[in-house]
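Topology and contacts: notes
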Amino acid sequence: MAQAVAHAPAHGTNTGIENRKLLMWLFLGSECLFFGSLIATYMVFKFDVIARGVGPFPHDVMINGVLHHGILDIPTTSASTFVLLMSSLTMVFAVYGAQHARPTLMKLSLLATIVLGLVFLGFQVYEFVTFVHEGLTLSTNLFGATFFLLTGFHGTHVGVGVLYLISMLAASMRRNGLGADAGAHVEIAGLYWHFVDIVWIVIFPLLYLMP
Amino acid sequence: MATAAGTLAHHAESGVWSWLTTVDHKRIGVLYGITAFSFFIWGGVQALLIRTQLAVPNGEVIPATLYNQLFTMHALTMIFLAVMPLGASFSNFLTPLMIGARDVAFPRLNALSFWVFAGGAVILTSSFFFEAPGAGWFNYVPLAGRTYSPGQGIDFYVIGLTVLGLSSLMAALNFAVTIMNMRAPGMTMMRLPVFIWMVLIISFLLILALPPLTVALIELLFDRNYGTNFFNPAEGGDPILWQHLFWIFGHPEVYVLILPAMGIVSEVLPVFSRKPLFGYSAIVFAGMAIAFLGWAVWSHHMFTTGMGAVPRTIFAANTMLIAVPTGVKIFNWLGTMYGGSLRFNTAMSFSVAFIALFTIGGISGVMHASPPVDTQQQDTYFIIAHLHYVLVGGAVTGIFSGIFYWFPKMTGRLLDERLGMTQFWLWFIGVNMTFFPMHYLGLVGMPRRIYTYDNDLGWGFWNMFETVGAFVIAASVLLFVINFFRTMQQEPTASDNPWDAPTLEWATSSPPPEHDFDVIPVVRARDPLWYNRDHNIQAEQPTGEHIHLPPPSYYPLLLAVGVSVLAVGPISHIAFTALGAVIAVYGIWGWALEPTE
Amino acid sequence: MAHQTQHAAVAQHGLTPRQYIMLGVALTVITVIELAASYIPALTPVLVPILLALTAIKFAAVVGYFMHLRFEDGLLAKVFTSSLILAILILVALAALFWGDYAPGVRAARGDAPASAPAAPKAH
Amino acid sequence: MDDTRWARARAQTQRFLPVMALAVVAVLAAACETNLPQSTTVIEGSHNATLWVPYRMVFILAAIVFVAVMALTVIFSITYRERPGRTARQFHGNTRLEIVWTLIPIIIVTLISVPTVNAIVAEAQPIAANALRVDAIGHQWWFEFVYLDEKVTTANELHIPEGREVAFNLKSVDVIHSFWVPQLAGKTDMVPGHVNDIKFTALRARPEPYLGQCAEFCGTSHANMRFRVFVHTEADFAAWLKSAAANGANPASALEKQGQEIFMRSACIGCHTVQGSAAAGKVGPDLTHVGSRTTIGSGILVNTPETLEKWIANSADVKPGSKMPPMAKSDGGALSKEEITAVAAYLSGLK
Ligand code: HEA
Ligand code: HEA
Ligand code: CUA
Ligand SMILES: [Cu+2]
């Protein structure tokens, strides 16, 4: 089977894990701490806006008998969450295509992933712009600061991922594509992409759904 | 010679350009070493200025603001630009040699780490031309916020540390992969030299500890420049959050500083005791236990911030527990000396001194691990005594031991022993003269970070004494510098294994050829060369097989320039960010497309 | 060197395309459940545990199958999960430290009220 | 070949040793200092007494470990020195020993933990019913003390009764400071946005003050942020409270009168309070009884009319970074030399 060749295990490593793959997983471990710290900041200040009564607020709250409407747009964000989830699915197929010597599947899936990533970023830009119009900025209150920092850094990661995938797609258009190593290249890009997705899997319920 | 062994692709051997584009781990190690030692002297000069100001009560040598910048930059220089990269110098030079590999897993990434480090060092140090940071090395807010530090100093701190952190992260990832994946046949994990174990542990510590610092730095950057209020109590922020995030990084960081020295000592002691390391596995597991526990103690730097009784108790207990694995190491080193035949040359003397000096620092650490006791010791010279005993008496002493031990391997020359022993005694006396009285001064109430003190507090004598001690240390360091230059002028005469040492780096020539080993050695035991010696096993013969080495590349340098220029945007003009980004993107593309065959 | 690399060949299985799609659908369904749960007032008291549990499942599914971690050498799983656990522990510790000691409510009660009445002992 | 080299080096260093020993003795003889007003080992307050229990325990155990490790290092270094005919014994470890030296530190650490936890619990006791309540507020670079029930405000010099608990709320208006009177109590930080607390009982009244010092780096003049604590008998304290609650004294001479006028029409009143006058500023220390303080500038200058003049003329001269602007005309202020003399006289009279 052609598959066996494309899957050739890394040569000469003691663990049998390819160097770059090990590097990526270690890096993702580091990223856990990075987003962990950002989320910790968010959690530490979670109740501060309510305690101090300085809006805009993330969710509907009653303060001194007055109902303040939450600023978070859950339906829209659910849509963008779905988009990002689907991008993970298309990414899986890009890896699958690369590893099973099906370059067209790989390229189309990469393209789909890029497009979905861009759509997600579009949602985020829209959300940020709306919030700024409604008076939520970095300096309005700690919800603004923690929200923009956390989702902003997630968005930056998505952006970097999109650039990464575009480079990969461009490189795969060359005469000999991504070369013999295509499977590994795309797989490692995929690891990064999925990680960015799971960060959102955590952020979405934490920020948007929990009261 | 090197070329006889394999058909080696040739690269430029000398000249500035060859150093700028090198991806050879040994050369990168040398670059780290020379840069870091220069910064050690620079940090030492700052320390001498500090000591001069404190020599007498109401000293008037250095004004308050400059003094505050000096101790801040002294600590930053010593920690981030001297001791950490000195550790990196050893791990770069030695890791592939000691595990029997031809290079690290990602040679270009390795070069990038160095150049990004150089960029960060330039950024941080250049602050002296504008305004140096002056809020202490742990940079507590709100003092470090825009309101109370309106100048640019703190921005240099933030940018400099972020860039340096990036460099360390890349290096740590690289070394973790190298050690896990690139070992010679037979080099199982439990045969790894202890030094390599320590490098691996440090790599994990850095990979996991740097992100919280980065997040703290980003939040401070935003607070200072983009209007957020993470640390501003007036708007609901909390200065304590900075302390937590900083020390979540900061405590693992101190183990990053000490573990290389512990690794060095574990290599040197057996060689000059002429017997195997006592309790190898205990030492390795103790190293892991230290690294593991090191995550659960950070708040011991915050015992006086008004934490509740429960967290204080928990953090105190965890902190004290670290004495247990560390004690295991100390006693195993003593066990290594026990029954040996100790040859007290310079390398060995520094290693034995390490045991004594580090223990003193460790014990004082356990003393202020008790929160009630710490309320009397925190922010006094007792802490300064502790930190210098572990850092100077520990880390730097260990590093000197390593320099004397591996110098023949690195340069083919043996450092002069007479100068070496004189340096050692000056060092040992100077360190104790400078830092031991600090315990006493702390206990009689001298706070740290004061540029002046009154005559009638009874601190004058010992401060003068310490200042004299600091100059004794300087004399010692000066002797080393002289020794270095004198030795380098001589012909390389060192044999492959002048110490009859057991580890793989001594199986190749001194200095090693560019490809490290003519034939990758096979490892049969924990002390491979001793095993081979005792079992009369000859080294494998070269096969003439083609040895592939990665070609030099200027992309790491270019990319590092891009990153550094990009980073100074927030403290200069946004145009720099744009320019840096362009350079960086170009660098990445060139890097990705550059053939490595 | 061959002996070192042999066991690597066993790795690299993964799911079939069909299974991937099924998993994608399942993840979407879980997301919908999360969303729905957050809109049902009756669930409010148990919403946090529900969300945490569902998030954990999604997380594990993506990491395990999309990222192939289930089929990789155990070392990778160890590296990643230990990092993740550390991150979670630190997050929990910080939340506990701040909510326990310095939470806004606690702060207001302890702090800005002038200390005319004997303040409660600061036992965490 | 290396052998002769290092043997020679060793001979050299050995000649050096007696000289060193002599030096050590000489130095120790020269260093006998008895007056240590900020020493943490002098116990004059209940807080310091509580923490002295683990403190002492820690010291004793530390000394034992220190002596043991140093002794082993030195003994091994001497006994197992390389010598003709010696060969190193080859062994790899010893599990029983390994267990022993794991257990010993565990025992030591447990011994330290017990008094530690006891002291932490003792610190967390509720405040005594008759406690004196004081807000201690950190400013860059001075301390403000507000007696909550007595409604008295003072700065840099704290007066308390002996034998009665004093309970502090520790606050800060700007950056983090730390409240520390080594002989009475360990330190606790003053963190903006938080209110920390510390309480202690001074064990005895004495004429000379206890020295306090800010113990968290707080900027330029952190070194100059000191304060004094006067411990009185209960009766003396009551008298002090009474005088401290009174309005600022009226000027007693023409010069003082002139000084008062200048003070009241100058920038001073924007920052300083003199009770019973128009001066009600809150930026700087309360000056109602500044004349009765022994020091000014948070404990860095003895309080005399001359030092007051110097301070008012340009406080940054004596205290780098001082937040009080220079007042002398020569330094960009509004007051002439004579005017400053008058103001200083007025302030000296505010007993
Ligand atoms: C190389 C760096 C290094 C190392 C290894 C250590 C090791 C330790 N440190 Fe240290 N520490 C610093 C660097 C380091 N530290 C620095 C830089 C600061 C100040 C930061 C600042 O404020 O600027 C600091 C501050 C610091 C504090 C905060 C003090 C304060 O600000 O109030 C505390 C408190 O608990 C502490 C504790 C410890 C402990 C318990 C250890 C332990 O790991 C030590 C363990 C070792 C031993 C105990 C010796 C050997 C053991 C035996 C011989 C066994 C038997 C011994 C006993 C049972 C006691 N350290
Ligand atoms: C690795 C870390 C490290 C190292 C190696 C050192 C080394 C030294 N340190 Fe430092 N120090 C810290 C880390 C370190 N320090 C930290 C973290 C702080 C806390 C900062 C803070 O509060 O924020 C601190 C603070 C600190 C203080 C307290 C300042 C204060 O609180 O006010 C003092 C005071 O004496 C001091 C002194 C010294 C001295 C004398 C040395 C000596 O060992 C230095 C020896 C080196 C030399 C003397 C080099 C000289 C060589 C020459 C001159 C050669 C001649 C020149 C040529 C050939 C060109 N240090
Ligand atoms: Cu206030 Cu230091
Ligand atoms: Cu620490």
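Residues numbered from 1 in each chain as written. Chains lettered and ligands numbered in written order. Predicted model: local features only at pLDDT ≥ 70, side-chain atom pairs only at ≥ 80, totals over all residues. Heavy atoms only, no water.

What about the overall build of chain D?
Helix and strand counts for chain D come out as nine helices and twelve strands. Relative to its length of 351 residues, chain D is extended, with a C-alpha radius of gyration of 28 Å against a globular reference of 20 Å. Residues counted as buried form 53% of the 351 residues belonging to chain D. Pairs at least 24 residues apart make up 62% of the contacts formed inside chain D by residues separated by at least 6 positions. Here chain D displays about 15500 Å² of accessible surface, and carbon together with sulfur accounts for 63% of that area. (Helix = DSSP H or I, 4+ residues; strand = E, 2+ residues; numbered from the N terminus. Rg over C-alpha atoms; globule rule 2.2 N^0.38 Å. Buried < 20%, exposed > 50% of the residue type's maximum accessible area, 1.4 Å probe, protein only. Contact = heavy atoms within 4.5 Å. Areas by Shrake-Rupley, 256 points an atom, 1.4 Å probe, with all protein chains shown as cover.)

Describing the pairing of strand β3 (residues 152-155) of chain D
Residues and elements named next belong to chain D. The pairing of strand β2 (residues 142-147) with β3 spans four bridges and is classified as antiparallel. The residue bridging V146 from the neighbouring strand is T153, located in β3. Once β2 ends, the chain turns through four residues before running back antiparallel as β3, passing K151 with a positive phi of about 55°. (Pairing = 2+ DSSP bridges.)

A few points about the site of ligand 1
With respect to spatial proximity, 33 residues lie near ligand 1, and among them W137(B), Y255(B), D374(B), H386(B) and R448(B) are the closest. Residue neighbours of ligand 1 fall on chains B and D, so the site bridges chains. Here an oxygen atom of ligand 1 and a side-chain polar atom of R448(B) are 2.7 Å apart. Only α8 (239-273), α11 (323-337), α12 (346-367) and α14 (381-411) of chain B together with α2 (46-79) and α3 (95-123) of chain D provide two or more residues apiece to the shell around ligand 1. Each residue belonging to the shell around ligand 1 can be placed in one class, and the counts come to 21 nonpolar, ten polar and two charged. (Near = heavy atom within 4 Å. Polar contact = N/O pair within 3.5 Å; in protein donor to acceptor, adjacent residues only side chain to side chain. Nonpolar A, V, L, I, M, F, W, Y, C, P; charged D, E, K, R; others polar.)

Remarks on the sheet that holds β3(D)
All names here are of chain D. The five strands lie next to each other as β3-β2-β1-β5-β8, forming an open sheet whose pairing is mixed. One side of each edge strand has no neighbouring strand; the edge strands of this open sheet are β3 and β8 (196-201). Put simply, the sheet's adjacent strands are angled 25° from each other on average, direction ignored. Helix α4 (residues 234-245) rests against β1 (132-139), β2 and β3 of the sheet, and its axis sits at about 95° to β3. (Axes fitted to C-alpha atoms, helices over the stretch in contact; angles between N-to-C directions.)

Some remarks on the coordination of the iron atom of ligand 1
Residues and elements named next belong to chain B. Protein coordination of the iron atom of ligand 1 is limited to a single donor, H386 (NE2), which sits 2.1 Å from the metal. A separation of 4.5 Å is found between the iron atom of ligand 1 and the copper ion (ligand 4). With respect to the element layout, H386 can be found in helix α14. (Donors = N, O, S within 2.8 Å, 3.2 Å for Na, K, Ca; no water.)

Topic: the coordination of the iron atom of ligand 2
All names here are of chain B. For the iron atom of ligand 2, the protein coordination sphere consists of H74 (NE2) and H388 (NE2), at 2.0 Å. Taken together, the six donor atoms coordinating the iron atom of ligand 2 and their angles of 88 to 178° define a geometry best described as octahedral. Linking H74 in helix α4 (residues 64-99) with H388 in helix α14, this pair joins segments that are 314 residues apart in sequence. Across the pair, exposure class does not vary: H74 and H388 are buried alike. (Tetrahedral: all angles 85-135°; square planar, octahedral: opposite > 155°, others 65-115°.)

Describing a nonpolar patch on the surface
Residues and elements named next belong to chain D. On the surface, a cluster of nonpolar side chains totalling about 430 Å² of accessible area is made up of I99, L103, I106, I107 and L111. Topologically, I99 is positioned in helix α3. Accessibility expressed as a relative area gives 48% for I99, which makes it partly exposed. (Patch = residues over 30% accessible without salt bridge, like charges linked within 9 Å, V, L, I, M, F, W, Y side chains within 5 Å. Salt bridge = Lys/Arg side-chain N within 4 Å of Asp/Glu carboxyl O.)

Structural notes on the pairing of strand β4 (residues 157-161) of chain D
In the case of a regular strand, side chains alternate between the two sheet surfaces. Residue and element names in this part refer to chain D. Most of β4 sits inside the fold, with five of its five residues counted as buried. One ladder, built from five bridges, connects β4 with strand β10 (residues 226-232); its direction is parallel. Counterpart to H159 in the pairing with β10 is F230.

Regarding the confidence of the model for chain D
When pLDDT is averaged along chain D, the result is 90; 91% of the residues meet or exceed 70. Ranking the helices and strands of chain D by mean pLDDT puts strand β6 (residues 177-181) of chain D first, with 97, and helix α1 (residues 2-30) of chain D last, with 62. (pLDDT = per-residue confidence, 0-100.)

Remarks on the site of ligand 2
Residues and elements named next belong to chain B. Of all residues adjacent to ligand 2, which total 33 residues, the nearest are R51, Y67, H74, H388 and R449. At 2.5 Å, a side-chain N or O of Y67 approaches an oxygen atom of ligand 2. One nitrogen or oxygen atom from the side chain of H388 is found 2.8 Å from a nitrogen atom belonging to ligand 2. Elements that contribute at least two residues to the shell around ligand 2 include exactly α3 (25-54), α4, α14, α15 (417-443) and α16 (460-489). Of the residues in the shell around ligand 2, the class split is 25 nonpolar, five polar and three charged.

Notes on the interface of chain B and chain D
Listed as interface residues are 97 residues of chain B and, on the opposing side, 95 residues of chain D. Of the roughly 8200 Å² buried at the junction of chain B and chain D (both faces included), carbon and sulfur atoms supply 67%. Taken together, the connections running from chain B to chain D amount to three salt bridges. Applying the counting rule to chain B against chain D returns 21 residue pairs in polar contact (both at pLDDT 80 or more). Ranked by residue count, the leading element in the side of chain B that touches chain D is α11(B), at nine residues. Here the residues of the side of chain B that touches chain D sort into 56 nonpolar, 27 polar and 14 charged. (Buried area = accessible area lost by both parts, 1.4 Å probe.)

A word on the packing of α3(B) against α16(B)
All names here are of chain B. Two numbers describe how α3 lies on α16: the axes approach to 9 Å, and their chain directions differ by 160°. Between α3 and α16, the angle is such that the two are roughly antiparallel. Handedness of the crossing formed by α3 with α16: left-handed. Residue-level inspection shows F37, F40, I41, L48, R51, T52 and L54 of α3 in contact with α16, the latter providing N463, E466, T467, A470, F471, A474, V477, F480 and V481. Considered class by class, the residues forming the contact of α3 with α16 number eleven nonpolar, three polar and two charged. (Parallel < 35°, antiparallel > 145°, perpendicular 65-115°, else oblique. Left-handed = near helix turned anticlockwise from the far one by under 90°.)

With respect to the packing of aromatic side chains
All names here are of chain B. For the structure on display, the rule yields 90 aromatic pairs over all chains. With 5.1 Å between their ring centres and 70° between their planes, F222 and Y226 make a pair best called edge-to-face. Since its relative accessible area comes to 18%, F222 is described here as buried. On the basis of relative accessible area, Y226 is assigned to the partly exposed category, the value being 39%. (Phe/Tyr/Trp six-rings, centres within 6.5 Å; stacked < 30°, edge-to-face > 60°.)

Let's talk about the sheet that holds β4(D)
Residues and elements named next belong to chain D. The strand order across the open sheet built from three strands is β4-β10-β9, with neighbouring strands paired in mixed fashion. Sheet topology places β4 and β9 (206-213) at the edges, where each strand pairs with a single neighbour. Averaged over all adjacent pairs, the angle separating strand axes in this sheet is 30°, with direction ignored. Where β9 lies against β10, five bridges are found, and the strand directions are antiparallel. Bridging across to β10, Q213 finds its partner in R226. Each of β4 and β10 touches α4; the most contacted strand, β4, lies at about 135° to it.

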